[in-house]
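Architecture and fold: a report
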Amino acid sequence: MSADGENGTISEAEAALYDRQIRLWGLDAQRRLRASSVLIAGLKGLGAEVAKNVVLSGVKAVTLLDHQQVSEEDFCSQFLVSRGDLGKNRAEASLERTQTLNPNVKVTADTGQVEDKPDEFFAKFNIVCLTCCSQQTLQRVSHVCHGNGVKFYAGDVHGFCGFMFADLGEHDYVEEKPKIIKTDKKEDGKEEGPPAKKAKVDSTETVMIKKTSAFCRWQDSQTVDWTSDASSKALKKTPQMYFIMQILLRFRDAHSRDPSVSHMEEDKQALLRLRDEVLTELKLCTDLVGDEFASHCFAALSPVCAIVGGVLAQEIVKAVSGKDAPHNNFFFFNGIDDSGMVDRIGSAP
């Protein structure tokens, strides 16, 4: 027997393999996953975690895109490569172990650069997930995906700091809720109190509620006017990690690399200078981000990659399957105090 749907086909073997998740989110959702193609750019620790989880979920195809070579620093969090892969292309070195995770998923490696890919390249995927990219590349690809109905994700991990961003455009999904049963009368037929007070929740029955969320583009999330009344009020609850993310992206653009352990003291001073520069441009006090952050942004730490990568991959699965409310639009993780926070920053067009 096979379960055929307009969005994908699931064989008997696949139904057995994905039995637990089909029970969790349903056959239709698994069909949608089975028909989806995902691009993952940047195969450092975070990209490896996302690739692992997405491949295990049972999508149709995953493309691993990375033009960089495997470095010593990769071995602290990139589990898809081995010591023998040092100096090899990261996407190609990650291919074998990624494919082994789920032979039913078509996994391919692309050694090109994200910046060199034409707009049409991104439009052919259902999901595009970028890591290790510059601010300019994030803006461009987000714009392309938003205009072509492609769901866009971005994320990075720097030491104890991590984030993910989502732009799903106008996203429709369903939520499963317990059924509300109104009991307006007692068993003897006499009314007892206002009907609203007699509503009960039946935990044995559920109903599916359709909802829609609107997302903004990456660029809109980066150009917030923090001097406006609404934004200045929101500033009190805005995670510090949002501003640290902008500082780290500015560092990447300025140095064409991320903060490195081999240049730790030099890079710490550069991060502090960029902190002052970024916050001044945003017309915010420079003490909004304390000096200590500069000591916590080195290397892609494995536990942080696992947490942020797990959340990012979960959001991709939710977006493709159309089940449950997605994070709109940021998730930030602070490994110093083990805290995570979802926040919506920027306005949808």
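Residues numbered from 1 in each chain as written. Predicted model: local features only at pLDDT ≥ 70, side-chain atom pairs only at ≥ 80, totals over all residues. Heavy atoms only, no water.

Scanning the protein for helices and strands turns up 12 helices and 12 strands. Taking 349 residues into account, the globule formula puts the C-alpha radius of gyration at 20 Å, and the protein, at 23 Å, falls close to it. Of the contacts made within the protein by residues no fewer than 6 positions apart, 65% connect residues no fewer than 24 positions apart. Surface summary for the protein: the accessible area is close to 16,900 Å², and the carbon and sulfur share equals 49%. The averaged location of the 51 negative side-chain charges in the protein is 5 Å from the averaged location of its 42 positive side-chain charges. (Helix = DSSP H or I, 4+ residues; strand = E, 2+ residues; numbered from the N terminus. Rg over C-alpha atoms; globule rule 2.2 N^0.38 Å. Contact = heavy atoms within 4.5 Å. Areas by Shrake-Rupley, 256 points an atom, 1.4 Å probe, with all protein chains shown as cover. Lys, Arg positive; Asp, Glu negative; His and termini not counted. Charge placed at Lys NZ, Arg CZ, Asp CG, Glu CD.)

Moving on: the environment of K151. With respect to the helices and strands, the residue K151 is situated in strand β7 (residues 151-158). Under the relative-accessibility criterion, K151 is labelled buried at 18%. In sequence terms K151 and V128 are 23 residues apart; their C-alpha atoms lie 6.3 Å from each other. If we skip the residues at most four places from it in the chain, K151 touches N126, I127, V128, D167, L168, H171 and A319. A polar contact is formed between the side chain of K151 and the side chain of H171, at a distance of 3.2 Å. (Buried < 20%, exposed > 50% of the residue type's maximum accessible area, 1.4 Å probe, protein only. Polar contact = N/O pair within 3.5 Å; in protein donor to acceptor, adjacent residues only side chain to side chain.)

On to the nonpolar core. V128 and F152 are the most contacted members of the largest nonpolar core, which totals 47 residues. Top element by residues in this core is helix α10 (residues 240-255). It accounts for nine residues. Those residues in contact with F152 that lie beyond four places of it in its chain are V128, L130, L138, V141, S142, C145, F165, A166, D167 and W218. (Core = buried A, V, L, I, M, F, W, Y, C linked by side-chain atoms within 4.5 Å.)

Residues of the protein with pLDDT of at least 70 account for 91%, and the chain-wide mean is 91. Contacts for the low-pLDDT stretch residues 1-7, under 50 throughout, to residues beyond four places or in other chains number 15 contacts. (pLDDT = per-residue confidence, 0-100.)

For the rest of this paragraph, the subject is the packing of helix α3 (residues 27-34) against helix α12 (residues 302-321). Direction vectors running N to C along α3 and α12 enclose 105°, while the axes themselves pass 8 Å from each other. Here α3 is positioned roughly perpendicular relative to α12, judged by the angle of their axes. Contacts from A29, R32 and L33 of α3 reach α12 at V317, V320 and S321. Split by residue class, the contact of α3 with α12 holds four nonpolar, one polar and one charged. (Axes fitted to C-alpha atoms, helices over the stretch in contact; angles between N-to-C directions. Parallel < 35°, antiparallel > 145°, perpendicular 65-115°, else oblique. Nonpolar A, V, L, I, M, F, W, Y, C, P; charged D, E, K, R; others polar.)

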